[in-house]
Amino acid sequence: MSFFDKIFGGKEEKPEQKSFWKKIESEEDLAAAIEKSYKNRIAIFKHSTSCFISKTVLRNFESEINDLGTDVDLYFLDLLAYRSISNKIADDLDVNHQSPQLIVIENGKAINNASHQNISVTQITQ
């Protein structure tokens, strides 16, 4: 990868998936995640793999995870690869699409969401 690609978000290999993320790659995965929200709070991180800002926000968020201190399932959506699922999330949960975006869900409803620099672990615990 070239220097400019690193700075401006050019093509890169798939990011290393942290062990705490559960991937959403199908409507069935999304339905299972929403179903899980009836047992405990979940959060979906919508990430654009080609955007430098999204990569930076993701790294910052991942560095905060150890401070979470609560039982929350964290889901990861590569919105470029699964755009239709991203659209379904926006429609079903009545949340405007953003990228990057963190959506917190409880009992099948979005209770909080944030985008860009406002994404933080505190969005989950509020």
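Starting from 1, residues in each chain are numbered consecutively following that chain's sequence as written. Whole-chain, interface and lining totals are the exception, using all residues; otherwise, since this is a predicted model, local features are given only for residues with pLDDT of at least 70 and side-chain atom pairs are given and counted only at 80 or more. Calculated side-chain values reflect all of the structure's heavy atoms, with hydrogen atoms and water omitted.

1. Notes on helix α2 (residues 27-36)
Burial classes: relative accessible area under 20% of the type maximum marks a residue as buried, over 50% as exposed, and values in between as partly exposed (1.4 Å probe, protein chains only). Put simply, DSSP marks the helices as runs of H or I at least four residues long and the strands as runs of E at least two long, and each gets a number from the N terminus on. Restricting attention to buried positions, one finds in α2 the residues Leu30, Ala33 and Ile34. The buried residues of α2 occupy an angular sector of 100° when the element is viewed end-on, so they sit on one face. Turned more than 90 degrees away from the buried face of α2 sit Glu28 and Glu35, all of them exposed. Should any heavy atoms of two residues lie within 4.5 Å, those residues are counted as being in contact. Buried residues along α2 sit against β2 (42-47), β3 (73-78), α4 (83-93) and β4 (101-106). Starting at the helix axis, one direction is taken to each C-beta atom, and the arc is that of these directions.

2. Brief notes about the environment of isoleucine 89
Following the sequence through the fold, isoleucine 89 ends up in helix α4. Judged by relative accessible area, which is 1%, isoleucine 89 ranks as buried. On a C-alpha basis, the gap between isoleucine 89 and glutamate 27 in space is 9.6 Å, while along the polypeptide they are 62 residues apart. Not counting residues within four places of it along the chain, the set of residues in contact with isoleucine 89 comprises Leu30, Ile44, Lys46, Leu77, Asp94 and Ile103.

Shape descriptors only; they carry no functional weight alone.
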